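Observations on the three-dimensional arrangement
So you can see what is in the structure, the chains are spelled out below.
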Amino acid sequence: MSTPERDQEHHDAAERTARVLPLRPAGRKQRAEEPLWRDVVGNVLRRERRAQGRTLQDVADAARISMPYLSEIERGRKEASSELLAAAARGLGLGLADVLTLAQEEIVRLTGVATLPTRRSVSAPRQGEVRLAA
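Here we summarise the structure given alongside this text. (Residues numbered from 1 in each chain as written. Predicted model: local features only at pLDDT ≥ 70, side-chain atom pairs only at ≥ 80, totals over all residues. Heavy atoms only, no water.)

1. Some thoughts on the overall build of the protein chain
- Looking only at helices and strands, one finds six helices and zero strands in the protein chain.
- The secondary structure elements of the protein chain, listed N-terminal to C-terminal, are α-α-α-α-α-α.
- Taking all 134 residues of the protein chain together, 30% fall into the buried category.
- Counting only contacts in the protein chain whose residues sit at least 6 apart along the sequence, the fraction spanning at least 24 positions is 61%. (Helix = DSSP H or I, 4+ residues; strand = E, 2+ residues; numbered from the N terminus. Buried < 20%, exposed > 50% of the residue type's maximum accessible area, 1.4 Å probe, protein only. Contact = heavy atoms within 4.5 Å.)

Below is the structure:
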């Protein structure tokens, strides 16, 4: 059965997908653009809430966040502070690390990039630090 809230959620999801996976310029390596953090976190929170069969109001009450604000976070319209993100995670019975891990998995799924790029440090060695040349 279709409801205005469900229709809006489908519209928002399609809008986020279009924003997250834009067309790539010709001649560039085929790889999805990195999604916005707020979209990924919002998707994770919404997916976890729905998997638990809970309402926005129920989770907002448990997290001590206003329901409209939690809705904005889930839809990727608001960038949650670390305190609010931790509260939302607790409201879902999760830890902050759980939400961050799920967000990282989502980014890997969307971009196809599973590892961090290797970066060479160009900083000078710290006092007492020894670096060996290969």
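That shown, we press on.
2. So, the pattern of salt bridges
- Taken as a whole, this structure holds six salt bridges when the rule is applied.
- Notably, a salt bridge pairs R47 with E106, separated by 3.3 Å at the nearest N-O pair. Of this pair, R47 sits in helix 2 (residues 37-51) while E106 is found in helix 6 (residues 96-111), placing the two residues 59 residues apart along the sequence.
- A relative accessible area of 6% means that E106 is categorised as buried.
- For the salt bridge of R54 with D58, the shortest nitrogen-to-oxygen distance reads 2.6 Å. (Salt bridge = Lys/Arg side-chain N within 4 Å of Asp/Glu carboxyl O.)

3. Observations concerning the side chain of E106
- Here R47 takes part through its side chain, which lies 3.3 Å from a polar atom of the side chain of E106.
- Each residue touching E106, except ones within four places of it in the same chain, is listed here: V40, N43 and R47. (Polar contact = N/O pair within 3.5 Å; in protein donor to acceptor, adjacent residues only side chain to side chain.)

4. Points about the packing of helix 5 (residues 82-91) against helix 6
- Viewed as axis vectors pointing N to C, helix 5 and helix 6 meet at an angle of 100°, and their least axial separation amounts to 8 Å. Our classification of the angle between helix 5 and helix 6 gives roughly perpendicular. Every residue of helix 6 that contacts helix 5 at L85, A86 and A89 is listed here: L96, V99 and L100.
- Broken down by class, the residue content of the contact of helix 5 with helix 6 amounts to six nonpolar, no polar and no charged. (Axes fitted to C-alpha atoms, helices over the stretch in contact; angles between N-to-C directions. Parallel < 35°, antiparallel > 145°, perpendicular 65-115°, else oblique. Nonpolar A, V, L, I, M, F, W, Y, C, P; charged D, E, K, R; others polar.)

5. As for unusual backbone geometry
- With phi around 60°, R64 is a residue other than glycine that occupies positive phi space.
- The residue R64 is located in the loop between helix 3 (56-63) and helix 4 (67-74) in this model.

6. Brief notes about the packing of helix 2 against helix 6
- In the contact formed by helix 2 and helix 6, the axes pass within 9 Å of each other and the chain directions differ by 115°. Crossing hand, helix 2 versus helix 6: right-handed. The segment helix 2 lies against helix 6, with W37, V40, V41, N43, V44, L45, R47 and E48 engaging V99, L100, L102, A103, E106 and I107.
- Residue classes in the contact of helix 2 with helix 6 are distributed as ten nonpolar, one polar and three charged. (Left-handed = near helix turned anticlockwise from the far one by under 90°.)

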